[in-house]
Amino acid sequence: MTDQGFEILEHTADLRIKAWGKTKEELFKNALRGMAYVQKEEARIKKQESRITKKVQVKSTDMTALLIDFLSEVLTQSQINRVVFFDANFKAFSDTPSADSGQVELEAEIEGIKVDEFDEDIKAVTYHEAEVKQNPEGVYETKIVFDI
Amino acid sequence: MNITKNDLKKINDFVWEIPKSFRADMRAPARIFATEKLLEEIFRDRSMEQLVNVATLPGIQKHALVMPDAHEGYGFPIGGVAAMDLDEGVISPGGIGYDINCGVRLLRSPVKWFEVEDKLEELATEIYHAVPSGLGRGGRLVFDKNKFDLMLGGGAGYLVEEGFGKENDVLHLEAQGNLSQADPSLVSNEAKRRGKDQLGTLGSGNHFLEVQRVDEIFEETAAKAFGLFKDQLVILIHTGSRGLGHQIATDYIRLMMSAMPKYGIVLPDRELACAPFRSPEGQKYFAAMCAGANFAWANRQTITHWIRESWRKVLGDLSGELEIVYDVAHNIAKIERYKIDGKEKELCVHRKGATRAFGAGNSELPDDYKGVGQPVLIPGSMGTASYVLVGTNESAGLSFSTSCHGAGRRMSRHGAKKIWRGSDLKKQLEAQGIIVRAGSMSGLAEEAPLAYKDVEEVVGAVHGAGLAKKVARLKPLAVIKG
């Protein structure tokens, strides 16, 4: 495994990545970086340019759905605003279902840069094959398939 | 449980069956339309397992089906078809896909290609500039909120009303380019914002425009009815509902995932998320999906209008008008009538990477095609052959009147990019005399012809199985991509 926290895997028609992190928050960040890399390979290099920040709030049934729904929300914002978001700061991150809603949730500030054009027009983040789990080394990981 | 060829029962040279007994959760057997050679290719990825998963959906009728161009998707395999009982069955956004009404439209000209050979470069350049990819700058046509909703409700016909086409254009579109069940108020603001400046844009991935020539006619009567003749110049448009459709699918898959426990539905893959067709969630998704489909028809109508403008600009009035042969959806759910156990009933037919193929006499067909059947448009991989087929009446019983939708990928985009460079591919295509106008060289490499199955074999299987019959083969003169 490389230290960037994600790698691109094979898939016949779409795009499959694997992302990992020592904590769930780190996994979420690395998955976000993986998506940004697919959208615009050099987005991270241009970090010095003026950044755009957005707040996102997501509630889901479980940790895997929370990750996919989080990435979907970022993708929606990315497509509407033509911004590649490559970083996230979590203001809240509850990984046990809340007593009243029974859902897990997060609140984050995502950071990105405006782009003239995407390299890859990601249509959607799918739940297909996604499963957040800890490997024997205690690292959280999952595969994610993007529809492109 | 891994599926092997030994688990399949051979029905005939083109049809194979996975019996219902293969897995305890199957509610129907599964059928694969393929030659033995294509079957080998289909086994190389997880399409078969995904097909078995489709067979577990509540209310599925007869068989879960997959077409010869099958390959791995998510939830449904690409090429998957499932018809559901309206009362007992479900509707699954994953059975339609994120690109709602991704589809193909074919335009015909009155000229032979060599009569305008010296103008082809200019025509390709003109079309490339007239039809933006939409990956960067937005499209040229932006409607205000009110008009945008009217377009979602009216599809291609609304664009014609707005001056983007001729009155009789809609006669030659599947569903006349408008699903009347569409409800724009059930499409989220996010979806509308994503689609706001995307009318008349091509997108990326496998979407493309091709200027083509009719290379061979196989069936004269149908070709004549469709207005096709040898050496004719035609133009193929392949695109869908862009960000609007993608967001509708995203929104409703999420809604259905949270609704499934309420209906006691348990599935082997989250991407099959579904709700009973008659439930509030099912009805809302269906109405939103119809609006997404209408956007795609409006998109292809807008692109048609700009291609016609390019045509007139480059060739003047002497080369006549471009007319629509037909327009088909590849990713859609439709309410259609079929005989089940001798009784005719309405079903919700999911087609994901598959094309409707009505035979002669079907009441939805325009008068000029009623005698022969529906044109079925099969885009090949970039730079290879595309096909026009005609639907058969036999296919109603075999495949819920469904045919394949393309060549079908056999290699990943990532894998293709590792092997081929876009610039080399461009040279290869140009060496074959094909003009290339592409915004992205890596996008070009992803669509390398060898990353796809052999379209001849796929179309041969469809023809052999009787799902649709060959009418004409089209060869590219110019490829235009985002």
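Predicted, not measured: the structure shown is a model, and the values here were computed from it.

## Focus: the sheet that holds strand β4 (residues 64–74) of chain B
Strand pairing in a sheet relies on backbone hydrogen bonds, with the paired strands running either antiparallel or parallel. All names here are of chain B. The mixed open sheet is built from seven strands, whose spatial order is β1-β2-β3-β4-β5-β13-β12. Two strands in the sheet have a free side with no partner beyond their single neighbour: β1 (9–12) and β12 (331–340). Across the sheet, the mean angle from the axis of one strand to that of its neighbour is 40°, orientation sign disregarded. Across four bridges, strand β2 (residues 15–18) lies against strand β3 (residues 30–33) in antiparallel orientation. By the bridge assignment, I18 is partnered in β3 with A30. This element, helix α2 (residues 47–54), spans β2, β3, β4 and β5 (76–85) of the sheet and lies at about 110° to β4.

## A short note on the packing of aromatic side chains
By convention here, two paired aromatic rings are described through the distance between centres and the angle between planes. Evaluation of the coordinates by the stated rule reveals 16 aromatic pairs over all chains. Measuring from ring centre to ring centre gives 5.5 Å for F277 of chain B and F286 of chain B, while their planes differ by 65°; the resulting arrangement is edge-to-face. One exposure class covers both F277 of chain B and F286 of chain B, and it is buried. Through a chain of ring-to-ring contacts, three or more aromatic side chains come together here, namely F28, F70, F90 and F93 of chain A. One residue, K62 of chain B, lies across the ring of F400 of chain B, its end atom 5.7 Å from the ring centre. In this arrangement the basic side chain of K470 of chain B is found over the ring face of F218 of chain B, its NZ or CZ atom lying 5.0 Å from the centre.

## What about the side chain of T201 of chain B?
Residues and elements named next belong to chain B. By secondary structure assignment, the location of T201 is in the loop between α6 (189–195) and β8 (208–217). Among the polar contacts made by the side chain of T201, one reaches the main-chain carbonyl oxygen of Q198 at a distance of 2.7 Å. Not counting residues up to four positions away in its chain, the partners in contact with T201 are P132, S133, G134, G139, T239, R242, N299 and I303.

## Notes on unusual backbone geometry
Residues and elements named next belong to chain B. Its identity is not glycine, yet R242 carries a phi of approximately 55°, on the positive side. Position of R242 relative to the elements: it lies in helix α8 (residues 242–263). One non-glycine residue, F400, lies in positive phi territory at about 50°. In this structure F400 comes out as buried when scored by relative accessible area, which is 3%.

Thresholds, definitions, all that
- Residues numbered from 1 in each chain as written.
- Chains lettered and ligands numbered in written order.
- Predicted model: local features only at pLDDT ≥ 70, side-chain atom pairs only at ≥ 80, totals over all residues.
- Heavy atoms only, no water.
- Pairing = 2+ DSSP bridges.
- Helix = DSSP H or I, 4+ residues; strand = E, 2+ residues; numbered from the N terminus.
- Axes fitted to C-alpha atoms, helices over the stretch in contact; angles between N-to-C directions.
- Contact = heavy atoms within 4.5 Å.
- Phe/Tyr/Trp six-rings, centres within 6.5 Å; stacked < 30°, edge-to-face > 60°.
- Buried < 20%, exposed > 50% of the residue type's maximum accessible area, 1.4 Å probe, protein only.
- Lys NZ or Arg CZ within 6 Å of the ring centre and 35° of its normal.
- Polar contact = N/O pair within 3.5 Å; in protein donor to acceptor, adjacent residues only side chain to side chain.

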